[in-house]
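# Notes for the structure review
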Amino acid sequence: MGGNTKGFWSGDLGYRQAAAATVGAILVGWVVQFARGGGGLIPPSWPSNAIFLALFLGWLALLSGSDGRLVAWLGGVPFALVSMLGVGLLGVAGGVIPQTTDQSPEWARALGLDHIFSGAPFAAALLLLLTNLGLATFRRLRQHGPKVWFFSLNHAGLWIVLAAAMFGSGDLIRARMILLEGQAEAMVVDAAGRQGYLPFGLFLQKFSVEQYPAEPGRPGAPKRFTAEVTVLRKSQKFEDVRIEVNKPFRRDGWTLYLTNYELSPNGQPNQCLIEAVRDPWLPAIYTGIFLMLGGAVAMLFRNPFAPCLQP
Amino acid sequence: MNAAFSTFALAAVACWGGGLLTRRFHPAPGLMLYSTGIAILAAYAGLLWWQLGRPPMRTLGETRLLYAILLPAVACGVALRWRLVWPMIYGAAMAAVFLGINLARPDAFDKTLMPALQSPWFVPHVVVYILAYAFLTASALGSARFFLTGDDTLPACDHAVWIGLAFLTMGLLFGAIWAKEAWGHYWTWDPKETWAFLTWAIYLGYIHIRLRHCQARRFAAGFLLAAVAILGTCWFGVNYLPSAKTSVHTYTQP
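Since this is a predicted model, take the numbers as computed values, not measurements.

By the assigned domains, chain A splits into domain 1 (15–172 + 282–301) and domain 2 (173–278). Taken over C-alpha atoms, the centre of domain 1 of chain A sits 36 Å from the centre of domain 2 of chain A.

Below, the structure written as structure tokens:
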């Protein structure tokens, strides 16, 4: 087991113990997933996700105060590398196998291979990585000096991005809406077919497509889509807005993206597809992203390998 | 424009070869001639931009052109900083290979730019990405040299990975911010995104391994070769994977 007289867990804690913990967590995730018929996890939504996250963060902060060998191992580099490998190997599976649940064979569905990134094994591996990253960050924050800043920008930034994306996914709504020229609509439908309503209605005045000029042997490709829309709100003035690709429209916590269009039977574009998104955790994501960008810029001005250069 | 491309490409390769030869006897003029080769290709890219009316960064061929400009530039920087010659030789050879691929597979030079690509994030995202690729593939060339000649190239590789990872992080995050504006979500585990994450993660792993285990040199050099295979999968290999048909981000094939 441990390779020496001490037990596997009572001797030095390193790569092998980290591998055991990671494989164990992923297997538990797989058993849970298989027991539930192979379906993806249903992430908790507000407020329970916020409570879980707060408890997790508090636990990490408390644990990081201990200088025991278990905590040093859990927040150390070997554990980081092994848990990253766990996330990475699941990622390779998800990057090779098409992640389309509607066309996959039964066995792939039961093993969760066609929805790796919403499955319990991936969530388990990510939780281990978050535990490691959080502990490493808190432990470093208890130290002093310029290195602390550099380390924290990168590590805290990544922790915030991953944690907010994972715990916030239950509050994310991505739904579709079809607008027909000359008609009003407020209903949206998500990927699971559930219906909902926006707090305002949209009336599509005009949808137009600007094409690049056709060249010999090459039909004209679309250059610009524009939806001219009137926003209808109870007891408020109507508002005329334009929605274009890369120029979404934001109102009342919703962001509306123009994603596609359909042609009418006479070949004229007359309806457009809108993606309606509500993502209350986005400010946390951007906070993490900008911390990481700061860390990336700081990387350009540092030389971390000086200790490595001596043979 | 293709006839013009072969002229510019041959002129650039001639400058690199001439510069490297000259450098053996007269370092400063050699470096000047080598840099002229980079400038000639940059001028071609500028012309192409003007002629197409959009940044030449959309097709796989255009990313190869950008790489053939940035890799020798990065190699020059590494060579000057570390007083080495081999990065310039390897950089020029690699860039010449990529120019050769472009000569063998001329793009149709499609002028169109689909609406999702018309964003202020387009140019910074692609430029920092290709710059990252230039640094990271330079580290792979260094590790190949480590195995072929036994030279201790690892210090130069380490720094190339460090700078490359900084640019890769920026590219990944610019991409996330742009995706939020264009498609409504910053991350959807599209195959291209998944491989971009894996590429980022493996170089992140390299940094941690090097800082923790300096002495495992052969392992580190071998790790860099595995890492560049992941990078290649992300850049062009993803087009050939079973998952590619579900991707919205694969580069337009000429």
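Now that the structure has been shown, we can carry on.
Glancing now at the packing of helix α4 (residues 77–96) of chain A against helix α7 (residues 191–212) of chain B. The description of two packed helices rests on the angle between their axes and on the distance between the axes. The contact between α4 of chain A and α7 of chain B brings their axes to 10 Å, and the two run at 160°. With respect to α7 of chain B, the axis of α4 of chain A lies roughly antiparallel. The two elements α4 of chain A and α7 of chain B cross, and the hand of that crossing is left-handed. Note on element contacts: α7 of chain B touches α4 of chain A through Pro191, Thr194, Trp195, Phe197, Leu198, Ala201, Gly205, His208, Ile209 and Arg212 of chain B, opposite Val77, Ala80, Leu81, Met84, Gly88, Gly91, Val92, Gly94 and Gly95 of chain A. For the contact of α4 of chain A with α7 of chain B, the class distribution of residues is 11 nonpolar, seven polar and one charged.

A few words now on the domain arrangement of chain B. Residue and element names in this part refer to chain B. Its domain assignment divides chain B into domain 1 (1–110) and domain 2 (119–246). Placing a centre on the C-alpha atoms of domain 1 and another on those of domain 2 gives a separation of 21 Å. At the junction of the two partners, domain 1 supplies 18 residues and domain 2 supplies 15 residues. For the side of domain 1 that touches domain 2, the secondary structure elements donating two or more residues are α3 (60–82) and α4 (86–104). Here the element with the most residues in the side of domain 1 that touches domain 2 is α3; it accounts for 10 residues. Per-class residue counts for the side of domain 1 that touches domain 2 are 16 nonpolar, two polar and no charged.

Let us now look at the nonpolar core. Ala125 of chain A together with Leu71, Ala134, Phe135 and Tyr203 of chain B are the most contacted members of the largest nonpolar core, which totals 151 residues. The element that contributes the greatest number of residues to this core is helix α6 (residues 154–183) of chain B, accounting for 20 residues. With near-sequence residues (within four places) excluded, tyrosine 203 of chain B lies in contact with Leu136, Val161, Gly164, Leu165, Leu168 and Ala227 of chain B.

Residue and element names in this part refer to chain B. At a closest axis distance of 8 Å, the pairing of α3 and α4 adopts a crossing angle of 170°. With respect to α4, the axis of α3 lies roughly antiparallel. Counting all contacts with α3, which are made through Gly61, Arg64, Leu65, Tyr67, Ala68, Leu71, Pro72, Val74, Ala75, Cys76, Val78 and Ala79, the residues of α4 involved are Pro87, Met88, Tyr90, Gly91, Ala92, Met94, Ala95, Phe98, Leu99, Ile101 and Asn102. Of the residues belonging to the contact of α3 with α4, the class tally is 19 nonpolar, three polar and one charged.

This next bit is on unusual backbone geometry. Looking along the chain, the bond that leaves tryptophan 46 of chain A and enters proline 47 of chain A is cis, with omega of 5°. Counting through the fold element by element, proline 47 of chain A comes out in the loop between α1 (15–35) and α2 (48–64). Here the phi dihedral of aspartate 252 of chain A falls at roughly 50°; this positive angle occurs in a residue that is not glycine. Inspection of the secondary structure puts aspartate 252 of chain A in the loop between β6 (249–251) and β7 (254–263). A positive phi angle is found at tryptophan 189 of chain B, which is not glycine, with a value near 55°. Within the secondary structure, tryptophan 189 of chain B is located in the loop between α6 and α7.

Below, the discussion takes up the interface of chain A and chain B. You'll often see interface size given as the accessible area lost when the parts meet. Facing 41 residues of chain A, the contacting portion of chain B comprises 45 residues. Of the residues forming the side of chain A that touches chain B, the biggest block, 10 residues, is contributed by α4 of chain A. Considering only residue class, the side of chain A that touches chain B consists of 29 nonpolar, eight polar and four charged.

With 30 residues, α6 of chain B should reach 44 Å at 1.5 Å per residue; the first-to-last C-alpha distance of 41 Å fits that figure. Counting buried positions along α6 of chain B yields 27 of 30 residues, so the element is predominantly enclosed.

Residues and elements named next belong to chain A. By the bridge criterion, six bridges tie strand β4 (residues 222–232) to strand β5 (residues 239–244) in an arrangement that is antiparallel. Its bridge partner lying in β5, valine 231 is registered against glutamate 239. Hairpin connection between β4 and β5: a loop of six residues separates the two successive antiparallel strands, and serine 235 in this loop has a positive phi of roughly 50°.

Cut-offs applied
Residues numbered from 1 in each chain as written. Chains lettered and ligands numbered in written order. Predicted model: local features only at pLDDT ≥ 70, side-chain atom pairs only at ≥ 80, totals over all residues. Domains from an automatic or database assignment. Axes fitted to C-alpha atoms, helices over the stretch in contact; angles between N-to-C directions. Helix = DSSP H or I, 4+ residues; strand = E, 2+ residues; numbered from the N terminus. Parallel < 35°, antiparallel > 145°, perpendicular 65-115°, else oblique. Left-handed = near helix turned anticlockwise from the far one by under 90°. Contact = placed C-beta atoms within 7 Å. Nonpolar A, V, L, I, M, F, W, Y, C, P; charged D, E, K, R; others polar. Core = buried A, V, L, I, M, F, W, Y, C linked by C-beta atoms within 7 Å. Buried ≥ 20, exposed ≤ 12 C-beta atoms within 10 Å, placed from the backbone. Expected span 1.5 Å × (residues − 1). Pairing = 2+ DSSP bridges.

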